[in-house]
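# Reading the structure
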Amino acid sequence: MTRSSSTTPFPPPPGARAYHLRTGRGEFAVVDSPVPAGVRPRGVALLMPGFTGSKEDFHRLHEPLAARGYRTVAVDGRGQNESDGPADDESAYAGEELARDALAQAAALGVPLHLVGHSLGGQIARAAVLLDHSPFVSFTLVASGPAEISDSQKQRVKLLHDALAVMTMPEVWEAILAMGPPEEVGGPASGHGEPELLRQRWLNHKPAQLLATGRQLCVEPDRVGELAAVPLPFHVLSGALDDTWPVPLLDAMAVELGAHRTIIPGAEHSPNQDQPLPTAHALADFFDRHPGRRGPS
């Protein structure tokens, strides 16, 4: 693994380090949380965030997973928050390009990985697994469905695209806040950190990344049959409610994959933020059952 030092306004959780991971496809901002002294290392997990999200969306998972023996590396994808990318070239954010980024991140970490993708991150991770599953020992989809997002979420994406066509990123942020309280608006207005950090995260996103990945979410084909043929253990984890992919749809996907299924009570589309402790324990329980190849951590 190679890394470059970085300064960041987004403080990592206690015991974790923020740096840029050097890969064969460029550098990606990560938060890397090691297993503490006195705890037996059991594995490493790569955590991929969703649409308008960032590595900070996993902040509350690092400590409880470390306590269970799992080093966690949360990553900003290309054009997300602190990872660079072109502002206007949408071709850089095509699905296969982002999937190859994930494989490059896995190669740079250089150890067998438990792969975890939230929402859009789950679909990018799925594309990576379909290209090459060999770096991974398990795959968990967190609130990430089999195909395109729900009609209500498509409307939200369309509103965002229409706004980005005529407004600057700061202007769009003000429009998002004008829609209501962050906990009701959701999306980029919600997450880990103070309001100013959430605003900075939004401004850091590349418009082309938002446009390209938002469009992908609206047209993503059903690739569950392809994924089911991959020789990995699967885990489908979600909240008890989800307006992006309805829970019965996630249930059916889990059956088709032969996946372990976890529903987190009291959580919605972001169980990693809504109920981090039970989410972390559910992840660790699944990882424990599928240790795969042992590697350094």
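To be clear, the structure that these remarks concern was listed above.
This report concerns the structure included in the present document. (Residues numbered from 1 in each chain as written. Predicted model: local features only at pLDDT ≥ 70, side-chain atom pairs only at ≥ 80, totals over all residues. Heavy atoms only, no water.)

### Points about the nonpolar core
Phe 139, Trp 202 and Leu 257 are the most contacted members of the largest nonpolar core, which totals 61 residues. Top element by residues in this core is helix 2 (residues 95-109). It accounts for seven residues. Setting aside residues up to four positions removed in sequence, Phe 139 forms contacts with Leu 115, Gly 122, Ala 125, Arg 126, Val 129, Leu 227, Leu 232, Pro 233, Phe 234, His 235 and Phe 286. Ala 45, Phe 58, Ala 143 and Ala 282 belong to the second-largest nonpolar core, a separate cluster that totals 19 residues. (Core = buried A, V, L, I, M, F, W, Y, C linked by side-chain atoms within 4.5 Å. Buried < 20%, exposed > 50% of the residue type's maximum accessible area, 1.4 Å probe, protein only. Helix = DSSP H or I, 4+ residues; strand = E, 2+ residues; numbered from the N terminus. Contact = heavy atoms within 4.5 Å.)

### So, the packing of helix 4 (residues 151-166) against helix 8 (residues 207-219)
As a packed pair, helix 4 and helix 8 sit with axes 10 Å apart at the nearest point and diverge in direction by 155°. Here helix 4 is positioned roughly antiparallel relative to helix 8, judged by the angle of their axes. Crossing hand, helix 4 versus helix 8: left-handed. Seen from helix 4, the contacting residues are Lys 154, Val 157, His 161 and Leu 164; seen from helix 8, they are Leu 210, Leu 211, Gly 214, Arg 215 and Cys 218. Its residues assigned to classes, the contact of helix 4 with helix 8 shows five nonpolar, two polar and two charged. (Axes fitted to C-alpha atoms, helices over the stretch in contact; angles between N-to-C directions. Parallel < 35°, antiparallel > 145°, perpendicular 65-115°, else oblique. Left-handed = near helix turned anticlockwise from the far one by under 90°. Nonpolar A, V, L, I, M, F, W, Y, C, P; charged D, E, K, R; others polar.)

### With respect to the pattern of salt bridges
For the structure on display, the rule yields 23 salt bridges. One salt bridge in this structure joins Glu 220 and Arg 126, with 2.8 Å as the shortest N-O distance. Separated by 94 residues along the polypeptide, Glu 220 in the loop between helix 8 and helix 9 (224-228) and Arg 126 in helix 3 (residues 120-131) bring together distant segments of the chain. (Salt bridge = Lys/Arg side-chain N within 4 Å of Asp/Glu carboxyl O.)

### Considerations on the packing of aromatic side chains
For any pair of aromatic rings, the description rests on two quantities: the centre-to-centre distance and the angle between the ring planes. Taken as a whole, this structure holds two aromatic pairs when the rule is applied. With a centroid separation of 5.1 Å and 65° between ring planes, the pair formed by Tyr 70 and Phe 287 is classed as edge-to-face. One end of the pair, Tyr 70, is in strand 5 (residues 70-75); the other, Phe 287, is in helix 12 (residues 276-289), with 217 residues separating them in the sequence. There is no split in this pair, since Tyr 70 and Phe 287 are both buried. Taking the centre distance of 6.4 Å and the plane angle of 75° together, the rings of Phe 139 and Phe 234 count as edge-to-face. Here Phe 234 lies in strand 8 (residues 234-239) and Phe 139 lies in strand 7 (residues 136-142), a separation of 95 residues in the sequence. As far as the burial class goes, Phe 139 and Phe 234 line up, both buried. The ring of Phe 10 has Lys 55 lying over it, and the distance from NZ or CZ to the ring centre is 5.7 Å. (Phe/Tyr/Trp six-rings, centres within 6.5 Å; stacked < 30°, edge-to-face > 60°. Lys NZ or Arg CZ within 6 Å of the ring centre and 35° of its normal.)

### What to know about helix 1 (residues 59-67)
Listing the buried residues of helix 1 in full gives His 59, Leu 61, His 62, Pro 64, Leu 65 and Ala 66. Buried residues belonging to helix 1 abut strand 3 (26-33), strand 4 (43-48), strand 5, helix 11 (271-274) and helix 12. Note on helix 1: the residue one or two positions beyond its end, Gly 69, has a positive phi of about 100°.

### Focus: the environment of Phe 136
With respect to the secondary-structure elements, Phe 136 resides in strand 7. The sequence separation of Phe 136 and Leu 46 amounts to 90 residues, and the corresponding C-alpha distance is 9.4 Å.

### Looking at the pairing of strand 8
Burial runs high along strand 8: six of the six residues are buried. Side chains Phe 234, Val 236 and Ser 238 of strand 8 all project onto a buried face; the interleaved residues His 235, Leu 237 and Gly 239 project onto the opposite face, where all are buried too. In this sheet, strand 8 lies alongside strand 7 in parallel orientation, the contact comprising four bridges. Each bridged residue has a counterpart across the sheet, and for Leu 141 the counterpart in strand 8 is Val 236. For strand 8 and strand 9 (residues 260-264), the ladder comprises five bridges, and the chain directions are parallel. Across the sheet, the residue bridging to Ser 238 is Ile 263, located in strand 9. Between strand 8 and its parallel partner strand 9, the chain crosses via helix 10 (residues 247-257), and the hand of that crossover is right-handed. (Pairing = 2+ DSSP bridges. Right-handed = clockwise from strand over helix to strand, strands pointing away.)

### Description of the environment of Ser 144
Its location among the elements puts Ser 144 in the loop between strand 7 and helix 4. Note: C-alpha distance between Ser 144 and Met 253 (109 residues apart in sequence) is 9.9 Å. Residue contacts for Ser 144: discarding those within four places in its chain leaves Gly 117, Ser 119, Gly 122, Gln 123, Trp 245, Leu 250 and Met 253. Of note is the side chain of Ser 144, whose polar atom sits 3.5 Å from the backbone nitrogen of Gln 123. (Polar contact = N/O pair within 3.5 Å; in protein donor to acceptor, adjacent residues only side chain to side chain.)

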